[in-house]
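Notes for the structure review
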Amino acid sequence: MKASHHWWQTDVVYQIYPRSFQDSNGDGIGDLPGIRQRLDYLQWLGIDAIWLSPIFPSPMADFGYDVANYVDVDPMFGTLAELDQLVSEAHQRGMRVLLDLVPNHSSDEHPWFVAARSSRDNPYRDWYIWRDPAPDGGPPNNWLSHFGGPAWSLDPTTGQYYLHLFDPKQADLNWRNPAVRQAIYDAMRFWFARGIDGFRIDVIWMLIKHPDLPDNPPDPQWKPGQPEQHRLLRRHDQHQPEVHAIIREMRMVADEYQDRVLIGEIYLPIDDLVAYYGENLDGVHLPFNFNLVTLGEWNAHAIRALVEHYERALPPGGWPNWVLGNHDQPRVASRLGQSMARLAQMLLLTLRGTPTLYYGDELGMEDVPIPSELVVDPQGIRTPGHGRDPERTPMQWDATPGAGFTTGTPWLPLAVDYPSRNVTRQQDDPQSMLALTHHLLELRRASAALNRGSYATVATSEPDLFAYLRQAGGEQVLVILNMGATPVTLDLSSVGPTGTIAASTGMQRTGHVTLDAVMLDAVEGLVIAIDED
Ligand code: NOJ
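Quick caveat: nothing in here was measured; it's all calculated off a predicted structure. (Residues numbered from 1 in each chain as written. Predicted model: local features only at pLDDT ≥ 70, side-chain atom pairs only at ≥ 80, totals over all residues. Heavy atoms only, no water.)

1. Quick word on the overall build of the protein
Defined as follows: Comment: elements are numbered from the N terminus, with helices defined as DSSP H or I runs of at least four residues and strands as E runs of at least two. Using C-alpha atoms as the atom set, the radius of gyration is obtained and then compared with a globule rule of 2.2 Å times the number of residues to the power 0.38. Summary of the burial criterion: residues with accessible area below 20% of their type's maximum are buried, those above 50% are exposed, and those between are partly exposed, where the area comes from a 1.4 Å probe applied to protein chains only. Throughout, a contact is declared for two residues whenever any of their heavy atoms are within 4.5 Å. Only four residue types enter the charge count, namely Lys and Arg as positive and Asp and Glu as negative; His and the chain termini do not. A single reference atom marks each charge: NZ on Lys, CZ on Arg, CG on Asp, CD on Glu.
Scanning the protein for helices and strands turns up 16 helices and 21 strands. Computed over the C-alpha atoms, the radius of gyration of the protein is 24 Å, within 12% of the 24 Å expected from 2.2 N^0.38 for a compact globule of 533 residues. In terms of overall dimensions, the protein has a C-alpha envelope of 75 × 50 × 50 Å along the principal axes. Put simply, the protein has 533 residues, and 60% of those count as buried. Expressed as a percentage of contacts within the protein between residues at least 6 apart in sequence, the contacts between residues at least 24 apart total 67%. In the protein, 40 side chains carry a positive charge and 68 a negative one; their mean positions are 3 Å apart.

2. Re the sheet that holds strand β19 (residues 512–514)
Spelled out, the test is: A pair of strands is treated as paired once DSSP finds two or more bridges between them. Helix axes are fitted to C-alpha atoms over the stretch in contact, other axes to C-alpha atoms as well, and angles between N-to-C directions run from 0 to 180 degrees.
If you trace the 6 strands from one edge of the open sheet to the other, you get β14-β15-β16-β21-β18-β19, paired in antiparallel fashion. Strand pairing shows two members of the sheet lacking a second neighbour, β14 (454–458) and β19, which therefore form its edges. Between one strand and the next, the sheet's axes are offset by a mean angle of 30°, whatever the strand orientation.

3. Quick look at the site of the ligand
Note the following rule: Think of it this way: one heavy atom of a residue within 4 Å of a molecule or strand is enough to make that residue near it. Side-chain atoms alone can form a polar contact between residues adjacent in sequence; in general such a contact is a pair of N or O atoms within 3.5 Å, and within protein one must be able to donate a hydrogen while the other accepts it. Accessible areas in this description were obtained via Shrake-Rupley with a 1.4 Å probe; residue shielding takes into account the shown protein chains only. Throughout the structure description, domain borders are defined by an automatic or database domain assignment.
Looking at the ligand, there are 14 residues lining it, with Asp-62, His-105, Asp-202, His-327 and Asp-328 nearest. Take Asp-62: an N or O atom from its side chain is 2.5 Å from an oxygen atom of the ligand. In this structure, His-327 approaches the ligand through a side-chain N or O atom, which is 2.8 Å from an oxygen atom. For the ligand, whose unbound accessible area comes to 290 Å², protein coverage reaches 98%. When residues of the shell around the ligand are sorted by domain, at least three fall in each of domain 1 (2–105 + 177–441) and domain 2 (111–172).

4. Section: the nonpolar core
Stated precisely, the cut-off is as follows: To define a nonpolar core, start from buried Ala, Val, Leu, Ile, Met, Phe, Trp, Tyr and Cys residues and group those joined through side-chain atoms within 4.5 Å.
Judged by nonpolar contacts, the single largest core of 153 residues is most densely connected at Tyr-14 and Ile-50. Core analysis: the second largest hydrophobic core is formed by 18 residues, Val-495, Val-513, Val-518 and Leu-526 among them.

5. Considering helix α7 (residues 243–255)
To be explicit about the condition: A helix is expected to span 1.5 Å for every residue after the first. Directions from the helix axis toward the C-beta atoms define the arc.
Here α7 contains 13 residues, and its C-alpha end-to-end distance of 18 Å stays within 8% of the 18 Å for a straight helix at 1.5 Å per residue. Every buried residue of α7 is accounted for by Val-243, Ile-246, Ile-247, Met-250, Arg-251, Val-253 and Ala-254. Around the axis of α7, the buried residues are gathered within 155° of arc, so they sit on the same side. Where α7 is buried, its residues contact β3 (96–101), α6 (178–193), β9 (198–201) and β10 (261–264).

6. Brief notes about unusual backbone geometry
Positive phi values are uncommon outside glycine, yet Ala-403 reaches one of about 60°. Since its relative accessible area comes to 0%, Ala-403 is described here as buried. In this model, Val-523 sits at a positive phi of 45°, which is unusual for a non-glycine residue. Among the secondary structure elements, Val-523 is positioned in the loop between β20 (518–520) and β21 (524–530). A relative accessible area of 24% places Val-523 in the partly exposed class.

7. Observations regarding the sheet that holds strand β12 (residues 321–323)
Ordered in space as β11-β10-β9-β3-β2-β1-β13-β12, the 8 strands form an open sheet in which the pairing is parallel. Looking at which strands have only one partner, the edges of the open sheet turn out to be β11 (286–287) and β12.

8. Focus: the environment of Asn-142
Of note, Asn-142 is situated in the loop between β5 (130–131) and β6 (152–155). On the basis of relative accessible area, Asn-142 is assigned to the partly exposed category, the value being 25%. Taking the C-alpha atoms as reference points, Asn-142 and Ala-399, 257 residues apart in sequence, are found 50 Å from one another. Sequence-distant contacts of Asn-142, defined by excluding residues within four places in its chain, comprise Asp-215, Asn-216 and Leu-232. Within the local environment of Asn-142, its side chain forms a polar contact with the backbone nitrogen of Asn-216, the two atoms lying 2.8 Å apart.

9. Quick look at the UniProt feature "domain: Glycosyl hydrolase family 13 catalytic" (unreviewed entry) in the protein
Basically, it comes down to this: UniProt positions are given in the numbering used here, feature names are shortened, and annotations may be inferred rather than shown by experiment.
When the UniProt feature table is mapped onto this chain, "domain: Glycosyl hydrolase family 13 catalytic" (unreviewed entry) is found at residues 15–392. The distance separating the terminal C-alpha atoms of residues 15–392 is 12 Å; by composition the span is 28% helix and 12% strand.

10. A short note on the environment of Leu-414
Tracing the backbone shows Leu-414 in the loop between α13 (378–382) and α14 (423–427). Distance in space between the C-alpha atoms of Leu-414 and Thr-393 is 6.1 Å, their sequence separation being 21 residues. Apart from the residues lying within four places of it in its own chain, the contact partners of Leu-414 are Val-368, Pro-394, Gly-402 and Ala-403.

11. Notes on the packing of aromatic side chains
As a reminder of what qualifies: The rule is short: rings of Phe, Tyr and Trp, with Trp giving its six-membered ring, pair when the centres are within 6.5 Å, and they are stacked under 30 degrees, edge-to-face over 60, tilted in between. Note on geometry: a ring has a charge over it if NZ (lysine) or CZ (arginine) is within 6 Å of the ring centre and within 35 degrees of the ring normal.
Scanning the model with the defined rule gives 28 aromatic pairs in all. Taken together, a centroid distance of 5.6 Å and an interplanar angle of 50° make the contact between Phe-56 and Trp-191 tilted. With a gap of 135 residues between them, Phe-56 in the loop between β2 (49–52) and α4 (80–92) and Trp-191 in helix α6 connect regions that are remote in the sequence. Across this residue pair, the class does not change: Phe-56 and Trp-191 are buried. Each ring, one from Tyr-358 and one from Tyr-359, has its centre 4.8 Å from the other, and the planes form 70°; the classification is edge-to-face. Three or more aromatic residues link up through ring pairs in this structure, and these residues are Tyr-14, Phe-21, Tyr-41, Trp-44, Tyr-358, Tyr-359 and Trp-397. Note that Arg-352 overlies the ring of Trp-319, its terminal NZ or CZ placed 5.6 Å from the centroid.

Encoded structure:
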């Protein structure tokens, strides 16, 4: 690897939702020793970095995104020593480990909040955001929780409301208070000193709210029947200019250590998103780019426009990144269907920038319908029909009862297709999504053009086609994605005379092609290594 590139630029990140990856003790919930048992698999797959959704002590009102202690491990997942062991075994394999920092809010059971709510003059009071009731006794403004309902709850003991942009059990910390900032920075240092390679930072664009907490204006796009919490524009409760100074401070903490990374969770349109690299690249290293997830229509034209817009908008030296799924979004195979999900995987792993893979997407795992009595996600409870349990079901390892995930009763139901859609089965099937993912990761690792080369769109006259060239040194790799329902034959001789098929999402195709007549099936993607003259 060229010294000019950091590991977080050339590596592939894999998100593990720890509850659902591997249970080692039969309680139906995944844990750290379970993840350790699966490092062989991750290494085989070709993963370089794992990001663990929160594993800190938590009452689990939002499955760990409600932290009650920032510097320990919840016994449900294991012990600090078991985390150390996981990190050290990952490091021995050359893999990095990222944790999930949740700084916007703590659990209401965190000792800070317990103290804060005990009286108005408690020293911790100002660690959270308190306001008197409105004159009618209601909440201080009209802000809404992302999960549904008001973003304020009344604390009966002290007679004031506290802010929670999510569940009432997730009280928003007051980032205008320097003591809060220091406490979270110290937690970051605690983990960095233990060898953690970086953080994914939860809702980083929400950390600071407008100082006057004005009402949010209505969203003219909202229609009755859509979730109530989308009725207002989030003008004053997120994406405030002061957030960048805080992120700069976090970056300084990360920079106290060697080669660590900060990845910010930010759902914003591209032109707003890129500000999070920081004015002098002193923001987060990677502001998560969710635009492939939030893209309204999935077609060649829209994707090409998105990629070009993003490439244009990136600040000089800002490194791109791409995401297709996570624990908050319907799974990519459910959104697009299995065939298109294969193209999407090829896209993710061949675009310029760091890809993040969500566990199970390498199998084409689909959303699992959850009967209402089994819904556990707080968002699904408050906004029925909009829960996130379907994309959080247990990893499908094999066809045995429990899918190789657990010997007990899984905390969420297994997909009905697990006996056929599982790691063991797909490892034996060269046509599987897993085989495709494995192959693409291998290719990416071996190719400087793919893992750090330049990007250029290749113009074609076919509206359903998206083609691009990745280039590093003398190496050129052409990616062609036919997103349409009919086969096409293309003349791409402008790129070069001949090439060798390096990957195909369809029937395993290999061998030489002349680029003046490249044939693609309907919904097929090809990676072609251009022959050097
Ligand atoms: C974003 C996380 O990804 C999501 O799962 C969580 O519910 C909210 N932030 C609140 O922490």
